[in-house]
Amino acid sequence: MSFSILKSFVESPDHACFDGEDKDEKILYVLRKHLVTNVDWIFVSFLLFITPLLVSRFVALFGPSTFPHIPANYLSVIIIFWYLFAFIYVFESFLVWFFNVYIITDKRIVDMDFHGLLYRNISQAPIRNIEDVTYNISGALKVIFNYGDVLIQTAGEKVEFEFEEVGNPSKVVDILSDLVSKLKGHSE
Amino acid sequence: MTSNIISNLLSPAGILTLAKVAIIIIELIYLVFSFIAIRQVSLMNKGFTTYLSVLFTFLAFAHFFAVVFLVILSLAIL
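This text gives an overview of the structure that appears in the document. (Residues numbered from 1 in each chain as written. Chains lettered and ligands numbered in written order. Predicted model: local features only at pLDDT ≥ 70, side-chain atom pairs only at ≥ 80, totals over all residues. Heavy atoms only, no water.)

**A closer look at the sheet that holds strand β3 (residues 27-31) of chain A**
All names here are of chain A.
Link 1 in the chain: Read from one edge of the open sheet, five strands run β1-β3-β4-β5-β6, paired in antiparallel fashion. Edge strands, defined here as strands with exactly one partner in the open sheet, are β1 (9-11) and β6 (119-126). Across this sheet, the average inter-strand angle for adjacent strands is 15°, counted without regard to direction.
Link 2 in the chain: The pairing of β1 with β3 spans three bridges and is classified as antiparallel. The residue of β3 that forms the bridge with E11 is Y29. (Pairing = 2+ DSSP bridges. Helix = DSSP H or I, 4+ residues; strand = E, 2+ residues; numbered from the N terminus. Axes fitted to C-alpha atoms, helices over the stretch in contact; angles between N-to-C directions.)

Put into structure tokens, the structure is as follows:
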């Protein structure tokens, strides 16, 4: 089993499907925010995991008598609770990154947005409705790691799609432009 | 009467009892949250299914049962 699905730019993913996918539809690309955008929550997670160790070192350093005594049973419960909370923070942050996907199929583009555990928004547009595709890369990190926003103008109900902070945006624009011209070329 | 109750609550044993009640209430709220997490993971998996979906579901359930275990442990040892 390969873990290619964990990349931020996945070409023809194996064993992947989305809600509402047609039987004759093929997923061509799955895009996510660039891996670099995960640095903030990874750093917070690291702090969450080492905090109990730092606190215990701090208490040992300054002497237990300096701090109010907490019974061992209470301390055990608090530490277990802390690590469960740290786990769900990591898990939830990872899931939000993993499931916030932009799917390009041979028929349409799909934008799935999950923010936290309580909000989701899924929008889609047929490839034939795409009118204009542009991208912008602004900021030092984005230039260094080659990621940015792809803006897609469509003729449908939702007039603008934004693929935020995807890797290699020029390639994404190229892929979409090729798909549009291929589809419109066939229909004309 | 009232001053007796307040002085009992402010005694070391009273503070520990208050702490126990607070910890259990926070854990019960967290238990509800962990149940919502299971539901949300299943919705996410339904939205976009991959071979990792089983793993995500397993982790969400494992977390929920760990929280259940923690609530029971707290009731038993605190």
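**A closer look at helix α3 (residues 53-77) of chain B**
Link 1 in the chain: For α3(B), built from 25 residues, the straight-helix expectation of 36 Å at 1.5 Å per residue is met to within 8% by its first-to-last C-alpha distance of 36 Å.
Link 2 in the chain: Contacts made by the buried residues of α3(B) are with α2 (72-99) of chain A together with α2 (12-47) and β1 (48-49) of chain B. (Expected span 1.5 Å × (residues − 1). Contact = heavy atoms within 4.5 Å.)

**Observations concerning the packing of aromatic side chains**
Working definition: an aromatic ring pair is given by the centre-to-centre distance plus the angle between the planes.
Link 1 in the chain: Counted by the stated rule, this structure contains 18 aromatic pairs over all chains.
Link 2 in the chain: Between the aromatic rings of F94(A) and W97(A), the centroid separation amounts to 5.9 Å while the plane-to-plane angle is 45°, which identifies the pairing as tilted. Highlighted residues: F94(A) and W97(A), both in helix α2, separated by three residues, approximately one helical turn.
Link 3 in the chain: By relative accessible area, F94(A) is classed as partly exposed at 21%.
Link 4 in the chain: The exposure class assigned to W97(A) is buried, which follows from its relative accessible area of 7%.
Link 5 in the chain: Aromatic pair F98(A) and F99(A): ring centres 5.0 Å apart, planes at 80°, arrangement edge-to-face.
Link 6 in the chain: Judged by relative accessible area, which is 0%, F98(A) ranks as buried.
Link 7 in the chain: Among the aromatic residues, those joined into a ring-pair cluster are F94(A), W97(A), F98(A), F99(A), F114(A), F48(B) and F56(B).
Link 8 in the chain: In this structure, R32(A) is placed above the aromatic ring of W97(A), and the distance from its NZ or CZ to the ring centre is 5.2 Å.
Link 9 in the chain: The ring of F98(A) carries the charged tip of R32(A) above its face, separated from the ring centre by 4.3 Å. (Phe/Tyr/Trp six-rings, centres within 6.5 Å; stacked < 30°, edge-to-face > 60°. Buried < 20%, exposed > 50% of the residue type's maximum accessible area, 1.4 Å probe, protein only. Lys NZ or Arg CZ within 6 Å of the ring centre and 35° of its normal.)

**Observations regarding unusual backbone geometry**
Residues and elements named next belong to chain A.
Link 1 in the chain: Positive phi values are uncommon outside glycine, yet N146 reaches one of about 55°.
Link 2 in the chain: By the element assignment, N146 lies in the loop between α3 (140-145) and β8 (147-154).
Link 3 in the chain: The phi torsion at N168 lies on the positive side, around 50°, for a residue other than glycine.
Link 4 in the chain: Summarising the element assignment, N168 is placed in the loop between β9 (160-167) and α4 (169-187).

**Here we look at the packing of α2(A) against α3(B)**
Geometry of a packed helix pair, given as the angle between the helix axes and the separation of the axes.
Link 1 in the chain: Between α2(A) and α3(B), whose axes approach to 11 Å, the crossing angle comes to 160°. Here α2(A) is positioned roughly antiparallel relative to α3(B), judged by the angle of their axes. The hand of the α2(A)/α3(B) crossing is left-handed. In this structure, α2(A) contributes N73(A), V77(A), I80(A), F81(A), L84(A), F87(A), I88(A), F91(A), F94(A), L95(A), F98(A) and F99(A) to the contact, and α3(B) contributes F56(B), L59(B), A60(B), H63(B), A66(B), V67(B), L70(B), L73(B), S74(B) and I77(B).
Link 2 in the chain: Of the residues contributing to the contact of α2(A) with α3(B), the split by class is 19 nonpolar, three polar and no charged. (Parallel < 35°, antiparallel > 145°, perpendicular 65-115°, else oblique. Left-handed = near helix turned anticlockwise from the far one by under 90°. Nonpolar A, V, L, I, M, F, W, Y, C, P; charged D, E, K, R; others polar.)

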